[in-house]
Amino acid sequence: MAVMNASRLAFVFGILGNIVSFLVYLAPLPTFYRIFRKKSTEGFQAIPYSVALFSAMLTLYYGILKGLPNGVMIITINSIGCAIESIYLIVFLIYAPGKVRIYTIKLLVLFNMGAYGLILLSTSFVGKISQRVTVVGWICAVFSVCVFAAPLSIIRLVIKTRSVEYMPFALSFCLTLCAVMWFFYGLLVNDFFIASPNILGFLFGIAQMILYLVFKNSKKEVLPEFKLQEMPPNVAAQANAVQEATVINGNNIPSSERNNNDVTMIV
């Protein structure tokens, strides 16, 4: 009975994780509406999409190795993620200026094809499928931890500027909720590689929401030493995206495309 209840709970958390993750994947839509409308990528970068695509591809591989039915929840959402991120990148390439397009193509070839292909090739030499699952699981977990640490730069920016203008609450909440769903899913199916990285995702999400509550009434103005053109590229690009989303969505759901959270590994 206990095993049956755990299985049912895992199914519920897996479905909820898929739903929330899908909504997170759709977060950049306002930014791409801007790109389509202006027929230009302006100052936006392709790196967040490339990393998000790599995350989805890597976790999809892990899910495939686990097989059915054990990997079905992982396979479904990451298949969708690969498709969505690929569409984002195609649109980006269509409207990117020459130099940016060339840089993006090089990034995709070296990172999404080269690095991913190297992982596929190297792990194919691992004999037993169970050992291969473990090796790929560790790769996924390490990559997830690195990606989950990405919000540190935006957290630093919020503390320095005392402004949450570039850290939308809605996205932070969704990512925290996403981490909770996948943590419990991983816990219930005894998958350490899924559960453990989401602990860090949950902690960073909580930290961001606390910062939002602390600074939400502060004057929304970037301090002189943090003018947009002087920010690190990833943070500056996020600032552009959030400002555009404010115009498009009436300050409701930000685009998040340049939010460092946007490259958060979904599972």
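Everything here concerns the structure above.
Residues numbered from 1 in each chain as written. Predicted model: local features only at pLDDT ≥ 70, side-chain atom pairs only at ≥ 80, totals over all residues. Heavy atoms only, no water.

A. Expanded view of the overall build of the protein. Check the secondary structure of the protein and you find ten helices and zero strands. Going residue by residue from the N terminus, the α and β elements of the protein occur as α-α-α-α-α-α-α-α-α-α. In the protein, buried positions account for 49% of the 267 residues. A fraction of 79% describes how many contacts in the protein between residues 6 or more apart in sequence connect residues 24 or more apart. Total accessible area on the protein is roughly 12800 Å²; 72% of this is exposed by carbon and sulfur atoms. (Helix = DSSP H or I, 4+ residues; strand = E, 2+ residues; numbered from the N terminus. Buried < 20%, exposed > 50% of the residue type's maximum accessible area, 1.4 Å probe, protein only. Contact = heavy atoms within 4.5 Å. Areas by Shrake-Rupley, 256 points an atom, 1.4 Å probe, with all protein chains shown as cover.)

B. Structural detail: the packing of aromatic side chains. For the coordinates displayed, the defined rule picks out 17 aromatic pairs. Relative to Phe184, the ring of Phe13 has its centre 5.2 Å away and its plane inclined at 25 degrees; by these criteria the two rings are stacked. Of this pair, Phe13 sits in helix 1 (residues 2–25) while Phe184 sits in helix 8 (residues 169–188), and the two are 171 residues apart along the sequence. When its relative accessible area of 19% is taken as the criterion, Phe13 is described as buried. Judged by its relative accessible area of 34%, Phe184 is partly exposed. Both rings, one in Phe169 and one in Phe173, keep their centres 6.3 Å apart while their planes meet at 15 degrees; by these two values the pair is stacked. Here Phe169 and its partner Phe173 are both found in helix 8, four residues apart, which amounts to about one turn of the helix. The partly exposed category is assigned to Phe173, whose relative accessible area is 42%. (Phe/Tyr/Trp six-rings, centres within 6.5 Å; stacked < 30°, edge-to-face > 60°.)

C. Representation of the packing of helix 5 (residues 98–123) against helix 6 (residues 129–148) in the model. Two numbers describe how helix 5 lies on helix 6: the axes approach to 10 Å, and their chain directions differ by 150 degrees. One element, helix 5, and the other, helix 6, form an angle in the roughly antiparallel class. Contacts between helix 5 and helix 6 involve Phe111, Ile119 and Thr123 on the former and, on the latter, Arg132, Val135, Val136, Ile139 and Phe143. In the contact of helix 5 with helix 6, the residues fall into six nonpolar, one polar and one charged. (Axes fitted to C-alpha atoms, helices over the stretch in contact; angles between N-to-C directions. Parallel < 35°, antiparallel > 145°, perpendicular 65-115°, else oblique. Nonpolar A, V, L, I, M, F, W, Y, C, P; charged D, E, K, R; others polar.)

D. Examining the pattern of salt bridges more closely. Applying the stated criterion to the full structure yields three salt bridges. Close ionic contact of Asp191 with Lys66 constitutes a salt bridge, the shortest N to O distance being 2.6 Å. Residue Asp191 is located in the loop between helix 8 and helix 9 (192–215), and its partner Lys66 is located in helix 3 (residues 47–66); the two are separated by 125 residues in the primary sequence. With a relative accessible area of 4%, Asp191 lands in the buried category. Classification of Lys66 as partly exposed rests on a relative accessible area of 22%. Three or more residues are tied together by salt bridges with common partners; here these are Arg34, Lys38 and Glu42. (Salt bridge = Lys/Arg side-chain N within 4 Å of Asp/Glu carboxyl O.)

E. Inspection of the environment of Leu60 at higher detail. Note on placement: Leu60 falls in helix 3. A relative accessible area of 16% places Leu60 in the buried class. Remark: the alpha-carbon pair of Leu60 and Met73, spanning 13 residues in sequence, is separated by 9.9 Å. What Leu60 contacts, discounting residues up to four positions off in sequence, is Ile75, Asn78, Ser79 and Cys82.

F. Main features of the nonpolar core. Ranked by internal contacts, the top residues of the largest apolar core, which has 46 residues, are Tyr62, Phe92, Trp182 and Tyr185. Within the second largest apolar cluster, nine residues are counted, among which are Val164, Met167, Leu211 and Phe215. (Core = buried A, V, L, I, M, F, W, Y, C linked by side-chain atoms within 4.5 Å.)

G. Region of the structure containing a nonpolar patch on the surface. Taken together, the side chains of Phe11, Val12, Ile15, Leu16, Ile19, Phe22, Leu23 and Ile80 present a nonpolar region at the surface, about 670 Å² in accessible area. With seven residues, helix 1 is the single largest residue contributor to the nonpolar patch. Relative to the assigned elements, Ile19 resides in helix 1. Overall, Ile19 belongs to the partly exposed group, its relative accessible area being 46%. (Patch = residues over 30% accessible without salt bridge, like charges linked within 9 Å, V, L, I, M, F, W, Y side chains within 5 Å.)

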